[in-house]
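# Per-entry structural report
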Amino acid sequence: MSDNSVPLSTSLEMNKLDDLKLLRLQEELKYVNAELVEQLARVVLDGLVKWSNTHIFSKLGGELTIEIPLGPPNAGVGYKSLEPLRPHMVIYLAMITDIYRDALAFPVVCRRLVDETETLEAFHQIPAWQGFPFAFKTAMPTLQAGHVHGDLSAFCEVMAEQHERQTESILDTNDVRCRFVMFELMLVWTFFHELGHVVQQHYRLRNKTDYLDAAETFLEFPEETPSTDQANAGSIGDAPPDLPAQARELMADGESIDLTLKYIHVTGRLCFPLLYLLYCSVGCMFQRFYQNYTENLNIVGRWHPHPALREEVSEAFLSDTIRDHLVATKKVPNDEASVMTVLYASIRANLLTGLFRAHRIEQRDDGDGLPSYMRLLTEEHRPGMLSYQDTLMPYIEAQMDEVRQWHLLPENRMDDWLEMLRRQQSQRIQSSAEP
Ligand SMILES: [Zn+2]
C-alpha cells in the first residue's frame, strides 16, 4: 500500500485497519527501490505483451502496448484504435510496488506463523491430511531454482545468497525463490485480468453514454477514491450497483485464472508448489482490494463485486481446472485424490493469506477470533455469498451470450467457467428444495 492508498481511519461499517500497522507499512515503503521493482516487473510484463501480440493482436493487424505510469495503485485498459484492435494497458507503478511488498513480506509472516504459533501444526492435525502426499509443514513449499522465471532466476539466486550470508536474516534461499514466484504470479494475474477485459471485448458491453470514448483508459478503480468522511457516513454503498459491470469483473477474473494456469503450464512449471503459490497470490490480490469494502456480503454500489465473492468464484474455477488436469493427465490415482489436492492447497492458502492480511493491516480487538476477511469465507456468510452470486448470474448469462460471439481467443475456457457456475447454482436449488 502506498501513501495514496491507505486510509488512516475507518468507520464501524468498514473492516477495521490498525493505524500502527499502517504507519509501519508507510515506513516499509521507504525501503522499496521502485526503480528495481519496475525493472523486475518489466521482465515479466514485456514477455506477456510479446506473447499477447504473437498469439492475438498481430493476427488481427493490431498491437497491445503497455505503460507503467506513476500515480495511485491502479490498472486499466483503453484503446489507441478499435480498428484494428490496438489496446493500451496501464499498470501503475504503485500497484506493482504494492504487489512486490506483499511478495516480500509473505514468506516472513508465514515463517513467524509457523515459529511463533500453533496454527499450522493444528491445521495438519486434521485427519483428512494424514498421509496426504503433498502436505508440507514448513512455512513455504520447496522450490528449485528452475521454478523462478527464467530471466529473473540469476538475480534471485544472487539475492538468496545474500540472505544466506546474513546471520540476522531469518530467510533462506527457498523463501527468496518464493518471493520471486509470488511477485511474478500476482503480476501475471493482474495482466491477464486486464487482458480478459480486452479479449472479451467488454467495451462493447459498457453503457455507451458513459464509455463512448474507447481511447479513454478504463481504470479498475475510480480515480477519486472515497474519502474517509464518505466512508464514515456509509455513503460508499449508496450509489446504485452496476450489476452488468460487476458480472464482467467476474468474467475477467475467470479469464485471468485460465490464462495464468496456461502460462504456468507453457513455462514448464505446473507442479504442486507453484499451484499452491498461485492460490496464495490470488488470495493476496483480492485481499488487497478489501480495505474499502464492508465486513458483510451485501451487494455494493460499485462496478467490482465484493472481493470475497471474486475470490470464491476465482478459486472455485482454479480448483475445477486443476482437478480436470490432474485426472486427464493421470497425475493422481482417482478423482478423490484430485479433490483432496485442491482442497489442501486452497484451504491452506486461505488460512495463511487471511492471517497474513490480519498481521499486516487489520485491527484485532479479539485476538482469538478469525480475521474479518476470513470470516466472510466461512459458513456464517455462505447465504450472503450465494445470494450475491445468484443476483449476478442473469447478467453473466446475458453477457456471456454476447462475448461468445466475439471472443478474441477461440481456445478460451469461459464456457467451462460458466458451466461451473450453473452447476453450483443448480446444486444449490436442489439442496434448498430437499426437505
Ligand atoms: Zn477489471
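Predicted model only: the values in this text are computed from it and were never measured.

### A word on the overall build of the protein
- A count of helical and extended segments in the protein gives 14 helices and four strands.
- The burial tally for the protein puts 54% of its 435 residues in the buried class.
- The contacts in the protein between residues at least 6 apart in sequence include a share of 77% that link residues at least 24 apart.
- Of the roughly 19400 Å² that the protein leaves accessible, carbon and sulfur atoms contribute 53%.

### Things to note about the nonpolar core
- Residues Leu-45, Phe-183, Phe-191, Leu-195, Ile-396 and Trp-417 are the most contacted members of the largest nonpolar core, which totals 121 residues.
- Counting residues per element, this core draws most heavily on helix 6 (residues 173-199), which supplies 16 residues.
- Not counting residues up to four positions away in its chain, the partners in contact with Phe-191 are Leu-45, Leu-48, Val-49, Ser-52, Leu-64, Ile-66, Met-89 and Ile-91.

### Observations regarding the packing of aromatic side chains
- Under the counting rule described, the total for this entry stands at 21 aromatic pairs.
- Aromatic pair Trp-189 and Phe-286: ring centres 5.2 Å apart, planes at 80 degrees, arrangement edge-to-face. Of this pair, Trp-189 sits in helix 6 while Phe-286 sits in helix 9 (residues 272-289), and the two are 97 residues apart along the sequence.
- Classification of Trp-189 by relative accessible area gives buried; the value is 3%.

### A short note on the coordination of the zinc ion
- In the first shell of the zinc ion, the protein supplies His-193 (NE2), His-197 (NE2), Glu-220 (OE), Glu-220 (OE) and Glu-249 (OE), at 2.1 to 2.3 Å from the metal.
- Each donor residue of the zinc ion belongs to the same chain, and together they define the spacing H-x3-H-x22-E-x28-E. Within this pair, whereas His-193 is found in helix 6, its partner Glu-249 is found in helix 8 (residues 243-266), the two being separated by 56 residues in sequence. Comparing His-193 with Glu-249, the two get one shared label, buried.

### Things to note about helix 6
- Relative to the 39 Å expected for 27 residues at 1.5 Å per residue, helix 6 spans 38 Å between its end C-alpha atoms, a close match to the ideal helical length.
- Just downstream of helix 6 lies Gln-201, where phi reads positive at about 50 degrees.

### A short note on the environment of Asn-350
- On the secondary structure map, Asn-350 appears in helix 11 (residues 335-360).
- On a C-alpha basis, the gap between Asn-350 and Tyr-373 in space is 9.9 Å, while along the polypeptide they are 23 residues apart.
- Those residues within four positions of Asn-350 in sequence are excluded, and the remaining contacts are Glu-311, Glu-315, Met-374 and Leu-377.

Cut-off values and rules
- Along every chain, residues carry numbers that run from 1 in the direction the sequence is written.
- Residues qualify for local features only when their pLDDT is at least 70, as the model is predicted, and side-chain atom pairs are given and counted only at 80 or more; totals for whole chains, interfaces and linings, by contrast, use all residues.
- Values reported for side chains reflect all heavy atoms of the structure, with hydrogen atoms and water molecules removed beforehand.
- Strands are runs of DSSP state E lasting at least two residues, helices are runs of H or I lasting at least four, and both sets are numbered from the N terminus onward.
- Think of it in three bands: with a 1.4 Å probe and only protein chains considered, a residue is buried below 20% of the maximum accessible area for its type, exposed above 50%, and partly exposed in between.
- Contact definition: two residues touch when any of their heavy atoms are within 4.5 Å.
- Using the Shrake-Rupley algorithm and a 1.4 Å probe, accessible areas are obtained, with residue cover drawn only from the displayed protein chains.
- We define the nonpolar core as a collection of buried residues of types Ala, Val, Leu, Ile, Met, Phe, Trp, Tyr and Cys that are connected through side-chain atoms lying within 4.5 Å of one another.
- Working definition: rings of Phe, Tyr and Trp (its six-membered ring) pair if their centres are within 6.5 Å, and the pair is stacked with planes under 30 degrees apart, edge-to-face with planes over 60 apart, and tilted otherwise.
- A 2.8 Å cut-off from the metal defines N, O and S donors, relaxed to 3.2 Å for Na, K and Ca; water is not in the atom list, so some sites may appear incomplete.
- The span you would expect from a helix comes to 1.5 Å times its residue count less one.

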